[in-house]
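Close look at the chain arrangement
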Amino acid sequence: MESFAIYVPRLLPRKDFFAPGHRACIGCAEALAVRLVAKALGREVIISNATGCMEIVSSPFPTTSWRVPWIHTLFENAAAVGSGIEAALKILNKKGVRTKKPKVVAMGGDGATSDIGLQALSGAWERGHDLLYVCFDNEAYMNTGIQRSSATPFGASTTTSPAGKLSIGQTRWKKNMPAIAAAHDIPYVATACPSYPFDLIDKVNKAVATAGPAYLHVLSPCPTGWRYPPDLSIRMGRLAVETGVFPIYEIENGKYKLNFDFPQLRPVRDYLAQQGRFRHLPEEEIERIQEGVNREYEKLKKKLEA
Amino acid sequence: MSSKHKETGLTWQDIDIGCVITSPGNAAQYKTGDWRSERAVWNKDRCIKCGICSIYCPEGCVNQDSEGYFEADLYYCKGCGICARECWTQAIEMVPEE
Amino acid sequence: MGMVGMEGSLALAEAVRLADADVIAAYPITPQTHIVERLAEMVANGELNAEYIPVESEHSAMSACLGSSATGARTFTATAGQGLELMHEVLYVASAMRLPVIMAVANRALSAPLSVWGDHSDAMAVRDCGWIQMFAENGQQAFDLTLCAFRIGEHPDVLFPVMVHIDGFHLSHVVEPLVLLEQSDVDKFLPKYSHPFALDPDRPVTMGAFALPNVFTETKQAQDTALKSAMSVILQAWQEFSEISGRHYYPVEHYRTEDAQILLLTMGSFSETAMVAIDEMREEGKKVGLIRLRLWRPFPFQEVRQAVENAEVLVVLDRCLSYAGPPGPVCSEIKAALYSQEKRPKVVGFIGGLGGRDISVQEFAQMIAKGVDIAERGGEEETEIIGVRG
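Within every chain, residues take consecutive numbers counted from 1 along the sequence as written. To label them, take the chains in the order written and letter them from A, then take the ligands in the order written and number them from 1. Note on the predicted model: pLDDT of at least 70 is required for a residue's local features to be given, and 80 or more for side-chain atom pairs to be given and counted; whole-chain, interface and lining totals, by contrast, use all residues.

**Section: the overall build of chain B**
For clarity, the cut-off: In this text, helices come from DSSP runs of H or I with a minimum length of four residues, and strands from runs of E with a minimum of two, each type numbered from the N-terminal end. The quantity called the radius of gyration is restricted to C-alpha atoms. Its globule counterpart is 2.2 Å times the number of residues to the power 0.38. Burial is judged by counting the other C-beta atoms within 10 Å of a residue's own C-beta: 20 or more makes it buried, 12 or fewer makes it exposed, and any count in between marks it as partly exposed, with every C-beta position built from the backbone. Contact criterion: two residues are in contact if their C-beta atoms, reconstructed from the backbone, are within 7 Å.
A tally of helices and strands in chain B yields 2 helices and 4 strands. For chain B, the sequential pattern of α-helices and β-strands runs β-α-β-β-α-β. Relative to the compact-globule value of 13 Å for 98 residues, chain B shows a C-alpha radius of gyration of 17 Å, a clear excess of over 25%. Its C-alpha atoms put chain B at 55 × 30 × 20 Å along the principal axes. With 98 residues in all, chain B has 45% of them scored as buried. In chain B, once contacts between residues fewer than 6 apart in sequence are set aside, the share between residues at least 24 apart is 67%.

**Let's talk about the overall build of chain A**
Scanning chain A from terminus to terminus reveals 12 helices and 10 strands. Relative to the 2.2 N^0.38 estimate, which gives 19 Å for 306 residues, the radius of gyration of chain A is 19 Å and therefore close to what a compact globule would have. Projected onto its principal axes, the C-alpha coordinates of chain A cover approximately 65 × 45 × 45 Å. Residues counted as buried form 58% of the 306 residues belonging to chain A.

**Concerning the environment of Met-124 of chain C**
Relative to the elements of secondary structure, Met-124 of chain C occurs in helix α6 (residues 121–124). Sequence-wise, Met-124 of chain C and Gly-328 of chain C are 204 residues apart; in three dimensions their C-alpha atoms are separated by 9.6 Å.

**With respect to the interface of chain A and chain C**
One frequently used descriptor of interface size is the decrease in accessible area upon assembly of the parts. Formally: Under the scheme applied here, ten amino acids are nonpolar (Ala, Val, Leu, Ile, Met, Phe, Trp, Tyr, Cys and Pro), four are charged (Asp, Glu, Lys and Arg), and all others, including Gly, are polar. Note on pairing: DSSP must find at least two bridges between two strands before they are called paired.
With 38 residues of chain A at the contact, the number on the chain C side is 39 residues. Broken down by element, the side of chain A that touches chain C gets its largest block of residues, 12 residues, from helix α4 (residues 78–94) of chain A. Tallied by class, residues from the side of chain A that touches chain C come to 21 nonpolar, 11 polar and 6 charged. Relative to strand β9 (residues 206–207) of chain C, strand β2 (residues 70–72) of chain A runs parallel, the two sharing 2 bridges. Bridging from a neighbouring strand, Ile-71 of chain A pairs with Met-207 of chain C of β9 of chain C.

**Considering the pairing of strand β15 (residues 346–351) of chain C**
All names here are of chain C. Put simply, the rule is: The handedness of a crossover follows from its direction of travel: if, with the strands pointing away from the viewer, the path from the first strand over the helix to the second runs clockwise, the crossover is right-handed.
Counting buried residues along β15, 5 of its 6 residues qualify, which places the element largely inside the surrounding structure. As paired elements, strand β14 (residues 313–318) and β15 share 6 bridges and run parallel to each other. Across the sheet, Val-313 pairs through a bridge with Lys-346, a residue of β15. A crossover connection joins β14 to the parallel β15 through helix α12 (residues 329–338); in handedness this β-α-β unit is right-handed. The pairing of β15 with strand β16 (residues 384–385) spans 2 bridges and is parallel. What sits directly across from Phe-350, in β16, is Glu-384. What joins β15 to β16 is helix α13 (residues 361–377), and the crossover it makes is left-handed.

**Quick look at the environment of Glu-305 of chain A**
Of note, Glu-305 of chain A is situated in helix α12 (residues 283–305). Along the chain, Glu-305 of chain A and Val-204 of chain A lie 101 residues apart, while their C-alpha atoms are 25 Å from each other.

**Some thoughts on the sheet that holds strand β12 (residues 288–293) of chain C**
Residues and elements named next belong to chain C. To be explicit about the condition: Between the N-to-C directions of two axes lies an angle of 0 to 180 degrees, each axis being a line fitted to C-alpha atoms and, for a helix, fitted only over the stretch in contact.
If you trace the 6 strands from one edge of the open sheet to the other, you get β10-β12-β11-β14-β15-β16, paired in mixed fashion. Each end of this open sheet is capped by a strand with a single partner; those strands are β10 (252–255) and β16. In the sheet, β10 pairs with β12 via 4 bridges, with the strands oriented antiparallel. Note that in β12 the partner of His-254 across the bridge is Ile-291. Sheet strands in contact with α12 are β11 (262–266), β14 and β15, and its direction is about 145 degrees off that of β14.

**Focus on helix α10 (residues 270–283) of chain C**
Residues and elements named next belong to chain C. The condition that has to hold: The span one expects for a helix is its residue count, reduced by one, times 1.5 Å. Picture the helix axis, draw a direction to every C-beta atom, and the arc is the one those directions span.
With 14 residues, α10 should cover 20 Å at 1.5 Å per step; its first-to-last C-alpha distance of 20 Å lies within 8% of that length. Buried within α10 we find Phe-270, Ser-271, Ala-274, Ala-277, Ile-278 and Met-281. Buried residues of α10 fall within an arc of 115 degrees about the axis and therefore sit on the same side. Summarising the contacts, the buried residues of α10 are in contact with β10, β11, β12, β14 and α13. Just beyond α10, the residue with positive phi is Gly-285, at close to 90 degrees.

**Remarks on the sheet that holds strand β4 (residues 131–137) of chain A**
Pairing is mixed in the open sheet, where 9 strands are placed in the order β10(A)-β9(A)-β7(A)-β8(A)-β4(A)-β3(A)-β1(A)-β2(A)-β9(C). A single partner strand is all that each edge strand has here, and the edge strands are β10 (255–258) of chain A together with β9 of chain C. Pairing geometry for β4 of chain A and strand β8 (residues 214–219) of chain A, over 6 bridges, is parallel. Following the sheet pairing, Val-134 of chain A is matched in β8 of chain A by Leu-216 of chain A.

**Things to note about the confidence of the model for chain B**
Residue and element names in this part refer to chain B. This is how the line gets drawn: Confidence scores per residue from the predictor, reported as pLDDT, run from 0 to 100.
Across chain B, the average pLDDT comes to 92, with 92% of residues at or above 70. For residues 1–5, every residue scores under 50 in pLDDT, and the model assigns this stretch 5 contacts once sequence neighbours within four places are set aside. This prediction of the complex comes with two scores: 0.97 for pTM and 0.97 for ipTM.

**What about the interface of chain A and chain B?**
Tallying the contact residues gives 33 residues for chain A and 35 residues for chain B. Elements supplying a minimum of two residues to the side of chain A that touches chain B: α1 (8–11), α2 (29–41) and α10 (233–242) of chain A. Here the element with the most residues in the side of chain A that touches chain B is α2 of chain A; it accounts for 4 residues. Here the side of chain A that touches chain B is composed, by residue class, of 20 nonpolar, 8 polar and 5 charged.

**Details of the packing of helix α7 (residues 139–153) of chain C against helix α9 (residues 213–245) of chain C**
All names here are of chain C. Going by this rule: Here roughly perpendicular refers to angles of 65 to 115 degrees, roughly parallel to angles under 35, roughly antiparallel to angles over 145, and oblique to all remaining angles. Each crossing gets its hand from how the near helix is turned against the far one by less than a right angle, where anticlockwise is left-handed and clockwise is right-handed.
Interaxial distance between α7 and α9 falls to 10 Å at its minimum, and their mutual angle equals 130 degrees. With respect to α9, the axis of α7 lies oblique. The way α7 lies across α9 gives a crossing that is right-handed. Contacts between α7 and α9 involve Asp-144, Cys-148, Arg-151 and Ile-152 on the former and, on the latter, Val-233, Ile-234, Ala-237, Trp-238, Phe-241 and Ser-245. Partitioned by chemical class, the residues of the contact of α7 with α9 number 7 nonpolar, 1 polar and 2 charged.

**What about the pairing of β14 of chain C?**
Residues and elements named next belong to chain C. Of all 6 residues that make up β14, 6 are buried, and the element is covered over most of its length. Residues Val-313, Val-315 and Leu-317 point to one face of β14 and Leu-314, Val-316 and Asp-318 to the other, with burial holding for every one of them. The pairing of β11 with β14 spans 4 bridges and is parallel. Residue pairing in the sheet places Leu-265 in a bridge with Val-316 of β14.

Here it is as structure tokens:
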């Protein structure tokens, strides 16, 4: 927990722009992340949402959890739709038809972001739209039933990368979306997790204030897909950070900054042992994961000095 | 507030153009409280009114009462137990629903 | 205004400029490239005050158009062939979400094999997407119908996206004499666009909710009824357009059909060649006429039935082949429209012009003669592909 004094209620804006009554699973940290992001974004925003858990749980016709203008169309085009909204606001302001420019925010899960929607996102970044893209990463295509994505971590069992007699589950390392974002030279990239709510909200505010493309990658623990009891969602996010599996950092105009560092990272097995999706892993794979986490963490630390 | 789905019984003429929903946040009529098998109960002797529970609630249904103590709106509380787990003073207990 | 010689694509771009489009999100693809290049040039020179989004694919082009239209901006794009197919799923969304994106399609054959040349297979693959669709015959219509498209699609009683089909290369790349319109006339004809629920924090709406089985059917009934109702606005718009231009368009247009016993039906640029063939056959004393389908969706059932009610034979030319099914999509739809009629002509279909192949005036005459012959013999005949070797 960050070292903040205990007057938390007074530190956060009160109003919620993501209403309860949504159909997220019990204990869903992605819903919490969306709620906190929406709280930070406030009223003056237009959201373009991709198909996925959060879109489905928040918009069963004729009800909606959204208290801000919100549009969902398809799975792979949140960034493209967002680009269109941003361009429209620009020209309508120029022509005097509109007088305000609300922030345009695109939201998508890991599937919508790093797989099917990667092209649209890359295009939006390259064109430099004033667009904040938030990826809510629960590390699989959860809404369709826990199928693997390129964000699924090594060794995780999903329905399309199941652990079996011949397989340890996912055999690829998690795709590094923040690095891909940074490779587009966009001004602001950050990782965050709802287990660290103040950091998440600060980063939303920073991203909103950024003129041009910004990318937030939010780890969203999923009790249903990761297979742990729902009350442990916040703990799971903390363990991901404390073990170095999901480092919390920012890349501002190409400069890396690690927001939470620890004198010693916790062993990765502390994190893996808590989740059913890793239960099948033999010792040598746990070691392989530890090596991989160490390697990636060292790579990240080298970038801090650059 | 009724938990009955409004979409049953809608005629095609009732539907707004392009299926737009014009009542922001009207999902709030849906009683997710029916989902739970246990509910969060606060012990006011231990509650220090820090609000961590209200921050971490995925439903956003934990609010302060008139005295500043926190409580879950049982219309929405899904009984996930995150608040009880995260409470610094362990002031929240998850009580099974009958 | 005086007559100018202008390439079809460039005339179409002029229409978009006169309409003062706000956002153009487009991906280049032969043979639409001249449209989007000209528009980019207009924006770069300040001739058109618009945001030009050079998207990275057609799927993103139409997606960006959705976002733009939903925000209340007059939105235009153009595509062809493979591009239309790549944005296929997005087309359905534009219609169902009632976002009046205006799009020019330079009709191009669908791969494989790769062909950049014109036929209607791209248009026929998107029959059911719920867009208003019209076919231009010449450069003048490419200009006129595009202006009308903005007027029709954005009308508050319509709010549907509109496709203007122009034959790839035959219309997009050919220089023809045509007449543009003055800005003042266009301004009178075309009001500003506003969406009743445009995305705006002052009036937060949710667009694109998902529908359970217990309500999906109703949403489709609503969409279908609304698209059919657009007919009255289309007719009204074309009436008003005739008042500023002197050119009046109709869902079904006739050429020398008054006493015709034999009718030919065409769509797109073939109509002009067909008209020459009709003239020649009339010279020979044959009572033939031409029907040109201008409006494809909403399908003009009434106008089609009226147009053919006194004919004995109707020959339908399709510029698209539906494999192993009823071969010509247009022919199938015409037959379906006429099925319920007591009095109807014998309908004979032909396929031609695939992948940019031409059909000569003589071939048109031969087609009509063959069609009459087949009709007289009766029975089921294999639909001929005009000019196929082998």
